[in-house]
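If you want the building blocks of each chain, they are given just below.
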Amino acid sequence: MTATILPQDVTKHLEAAIQLANRGVHLRFLDEAELLLTLSLPAAAVLVAGVVVEAMLAGSRRQERSHERQRMEKWSELRNHVAHSQAPAVTLEQAKEIVEDVRASLTRETRF
């Protein structure tokens, strides 16, 4: 069986549709993180927002070292510490900052 190659314009439209679908899923994750904040569960909110951070980092170009990427890497590191109990308890304010920053980064048109 041979693989059929899609025309380039179709491929670009398909990639755009997938990116939009992923963005929608990521925004729903952030909605859940915000709900966890209202329940005063900052560590859980950081873990859920961290899923979005990891996806954003995985989708970005590795060699790029923009300020935004550095912030996402910082949030990823905090998420890892929270997940593995290597850090003191995360505060509600820290968790709010992470969720807000990740949402702002996700909704920007530019990639980091």
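S.K.: Is there a simple way to think about the confidence of the model for the protein chain in this case?
M.R.: The predicted structure's coordinates, where accompanied by low pLDDT, should not be read in detail. With 82% of its residues at a pLDDT of 70 or more, the protein chain shows a mean pLDDT of 82. Between the elements of the protein chain, mean pLDDT differs from a low of 83, seen in helix H3 (residues 67-83), to a high of 92, seen in helix H4 (residues 92-107).

S.K.: Teacher, can you tell me more about the pattern of salt bridges here?
M.R.: It is possible for side chains of opposite charge to pair when their charged atoms get near one another. A complete count under the given rule lists 4 salt bridges for this structure. The closest approach of N and O atoms between Asp31 and Arg103, which form a salt bridge, is 2.8 Å. On the criterion of sequence distance, the pair formed by Asp31 in helix H1 (residues 8-38) and Arg103 in helix H4 is long-range, its members being 72 residues apart. For Asp31, a relative accessible area of 40% translates into the label partly exposed. Where salt bridges share partners, they join Asp31, Glu34 and Arg103 into one cluster.

S.K.: Before we go on, may I ask you to explain the side chain of Arg71 in this structure?
M.R.: Structurally, Arg71 is set in helix H3. The exposure class of Arg71 is buried, given its relative accessible area of 19%. The residues contacting Arg71, other than those within four sequence positions of it, are Asp101, Ser105 and Arg108.

S.K.: Just to check I follow, could you spell out the packing of helix H2 (residues 42-59) against H4 for this structure?
M.R.: For any two helices packed against each other, the geometry is given by the interaxial angle and the distance between the axes. Put simply, H2 and H4 touch, their axes get as near as 9 Å, and they point 25° apart. On the basis of their axis angle, the class for H2 and H4 is roughly parallel. You can see that H2 and H4 cross each other, and the crossing is left-handed. Judged by residue contacts, Pro42, Ala45, Val46, Ala49, Val52, Val53 and Met56 of H2 engage Leu92, Ala95, Ile98, Val99, Val102, Ser105 and Leu106 from H4. Here the contact of H2 with H4 is composed, by residue class, of 13 nonpolar, 1 polar and no charged.

Reading the values: the criteria
- Residues numbered from 1 in each chain as written.
- Predicted model: local features only at pLDDT ≥ 70, side-chain atom pairs only at ≥ 80, totals over all residues.
- Heavy atoms only, no water.
- pLDDT = per-residue confidence, 0-100.
- Helix = DSSP H or I, 4+ residues; strand = E, 2+ residues; numbered from the N terminus.
- Salt bridge = Lys/Arg side-chain N within 4 Å of Asp/Glu carboxyl O.
- Buried < 20%, exposed > 50% of the residue type's maximum accessible area, 1.4 Å probe, protein only.
- Contact = heavy atoms within 4.5 Å.
- Axes fitted to C-alpha atoms, helices over the stretch in contact; angles between N-to-C directions.
- Parallel < 35°, antiparallel > 145°, perpendicular 65-115°, else oblique.
- Left-handed = near helix turned anticlockwise from the far one by under 90°.
- Nonpolar A, V, L, I, M, F, W, Y, C, P; charged D, E, K, R; others polar.

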